[in-house]
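What follows is the residue order along each chain.
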Amino acid sequence: GDSVTQMEGPVTLSEEAFLTINCTYTATGYPSLFWYVQYPGEGLQLLLKATKADDKGSNKGFEATYRKETTSFHLEKGSVQVSDSAVYFCALEAGTALIFGKGTTLSVSS
Amino acid sequence: GAGVSQSPSNKVTEKGKDVELRCDPISGHTALYWYRQSLGQGLEFLIYFQGNSAPDKSGLPSDRFSAERTGGSVSTLTIQRTQQEDSAVYLCASSSGAGEQFFGPGTRLTVL
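Residues numbered from 1 in each chain as written. Chains lettered and ligands numbered in written order. Predicted model: local features only at pLDDT ≥ 70, side-chain atom pairs only at ≥ 80, totals over all residues. Heavy atoms only, no water.

1. Here we look at the interface of chain B and chain A
Right, on to step 1. Taken together, the contact pairs 17 residues of chain B with twelve residues of chain A.
Right, on to step 2. For the chain B and chain A pair, buried surface summed over both sides reaches about 1200 Å², with 56% attributable to carbon and sulfur atoms.
Right, on to step 3. Of all residues in chain B, the largest losses of buried area upon contact with chain A belong to B:Leu43, B:Glu100 and B:Phe103, amounting jointly to 41% of the total for that side.
Right, on to step 4. The interface formed by chain B and chain A includes zero salt bridges.
Right, on to step 5. Across the contact surface, chain B and chain A share three residue pairs in polar contact (both at pLDDT 80 or more).
Right, on to step 6. Broken down by secondary-structure element, the contributors of at least two residues to the side of chain B that touches chain A are strand S4 (31–38) and strand S5 (42–50) of chain B.
Right, on to step 7. If one sorts the elements of the side of chain B that touches chain A by residue count, S5(B) sits on top with four residues.
Right, on to step 8. Split into classes, the residues belonging to the side of chain B that touches chain A amount to nine nonpolar, six polar and two charged. (Contact = heavy atoms within 4.5 Å. Buried area = accessible area lost by both parts, 1.4 Å probe. Salt bridge = Lys/Arg side-chain N within 4 Å of Asp/Glu carboxyl O. Polar contact = N/O pair within 3.5 Å; in protein donor to acceptor, adjacent residues only side chain to side chain. Helix = DSSP H or I, 4+ residues; strand = E, 2+ residues; numbered from the N terminus. Nonpolar A, V, L, I, M, F, W, Y, C, P; charged D, E, K, R; others polar.)

Here's what the structure looks like:
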């Protein structure tokens, strides 16, 4: 069945460092892909999405490109801030529901 | 406008008791989803409602779990005869059909 694999955390970075969180997927067809973020004490929020191959989703300085050839949707940010500390989930749309990766905890220190 | 709301925010219960979790979706959203977030399993889909169609129950882990949606709005997730492995955060989300899913803050269920 469809599945999402994302890198294990936690990821610990200093402020202004470059961030990459890897995400790969297995799916039939070409599902829409998403990154969700869960800030401490808050609910899940959509960070960005891409609906077809080679699409780039972007928001708040984060980017991810839908790579069909490598079945990947890696999340990147050029310069992280302390306020980016959160749990990040990669997900794909499988029919009516979302299938999530297990989440990657990012901790950014000043 | 108001987002998705869930109640209670926390629920502690004893093994074997029944619990009901409530979700109020965003007004006008026709689709409603329940997910479970647990340490061992991550985020898992449980059930999906779309308008008046029969719900997609394919993610419910056992027949102790059921859900209903009244009047196309509020939804209740019921867990009967709770077990310790049911301890998790239960998340509700709603969307306007095929659009973005908006998540509620969740209900943290602890089964003692």
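2. Here we look at the pattern of salt bridges
Residues and elements named next belong to chain B.
Right, on to step 1. Applying the stated rule across the entire model yields seven salt bridges over all chains.
Right, on to step 2. Note that Lys-17 and Glu-14 form a salt bridge whose closest N and O atoms lie 3.9 Å from each other.
Right, on to step 3. For Asp-86, the salt bridge identified is with Arg-64, shortest N-O distance 2.8 Å. Here the residue Asp-86 occupies a position in the loop between strand S7 (75–79) and strand S8 (88–95), and Arg-64 occupies one in the loop between S5 and strand S6 (65–69), the gap between them amounting to 22 residues.
Right, on to step 4. Look at Asp-86 and you get buried, because its relative accessible area is 1%.
Right, on to step 5. The class for Arg-64 is buried, based on a relative accessible area of 12%. (Buried < 20%, exposed > 50% of the residue type's maximum accessible area, 1.4 Å probe, protein only.)

3. Details of the state of the cysteines
Right, on to step 1. Counted by the stated rule, this structure contains two disulfides over all chains.
Right, on to step 2. Between the sulfur atoms of A:Cys23 and its disulfide mate A:Cys90 the distance is 1.9 Å. Taking the torsion about the S-S bond as the criterion, the A:Cys23 to A:Cys90 disulfide, at about -70 degrees, is left-handed. One end of the pair, A:Cys23, is in strand S4 (residues 23–26); the other, A:Cys90, is in strand S10 (residues 86–94), with 67 residues separating them in the sequence.
Right, on to step 3. Shown here is the disulfide that connects B:Cys23 with B:Cys92, its sulfur atoms set 1.8 Å apart. Sign of the S-S torsion, about -65 degrees for the bond between B:Cys23 and B:Cys92, identifies this disulfide as left-handed. In this pair, B:Cys23 is assigned in strand S3 (residues 19–24) and B:Cys92 in strand S8, connecting sequence segments 69 residues apart.
Right, on to step 4. On the basis of relative accessible area, B:Cys23 is assigned to the buried category, the value being 0%.
Right, on to step 5. Residue B:Cys92 is classed as buried on the basis of its relative accessible area, which comes to 0%. (Disulfide = S-S within 2.5 Å.)

4. Description of the packing of aromatic side chains
Right, on to step 1. For the coordinates displayed, the defined rule picks out twelve aromatic pairs over all chains.
Right, on to step 2. Where B:Tyr33 meets B:Tyr35, the ring centres are 6.3 Å apart and the plane angle is 25 degrees; that geometry is what we call stacked.
Right, on to step 3. Note on B:Tyr33 and B:Tyr48: the rings are 4.9 Å apart at their centroids and 35 degrees apart in plane angle, and the pair reads as tilted. Taken together, the residues B:Tyr33 in strand S4 and B:Tyr48 in strand S5 connect sequence positions 15 residues apart.
Right, on to step 4. Taken together, A:Phe34, A:Tyr36, A:Phe89, A:Phe100, B:Tyr33, B:Tyr35, B:Phe45, B:Tyr48 and B:Phe103 form an aromatic cluster joined through their ring pairs. (Phe/Tyr/Trp six-rings, centres within 6.5 Å; stacked < 30°, edge-to-face > 60°.)

5. Some words on the nonpolar core
Right, on to step 1. Ranked by internal contacts, the top residues of the largest apolar core, which has 26 residues, are A:Leu19, A:Trp35, A:Leu47, A:Leu48, A:Phe73, A:Leu75 and A:Tyr88.
Right, on to step 2. Only strand S2 (11–14), strand S3 (19–21), S4, strand S5 (33–38), strand S6 (44–50), strand S8 (62–65), S10 and strand S12 (104–109) of chain A provide two or more residues apiece to this core.
Right, on to step 3. Per-element accounting of this core gives the leading share, four residues, to S10(A).
Right, on to step 4. In this structure, A:Leu19 is in contact with A:Val11, A:Leu13, A:Phe62, A:Leu75, A:Glu76, A:Lys77, A:Val80 and A:Leu106, ignoring residues within four places of it in sequence.
Right, on to step 5. Judged by nonpolar contacts, the second largest core, of 20 residues, contains B:Cys23, B:Leu60, B:Cys92 and B:Leu109. (Core = buried A, V, L, I, M, F, W, Y, C linked by side-chain atoms within 4.5 Å.)

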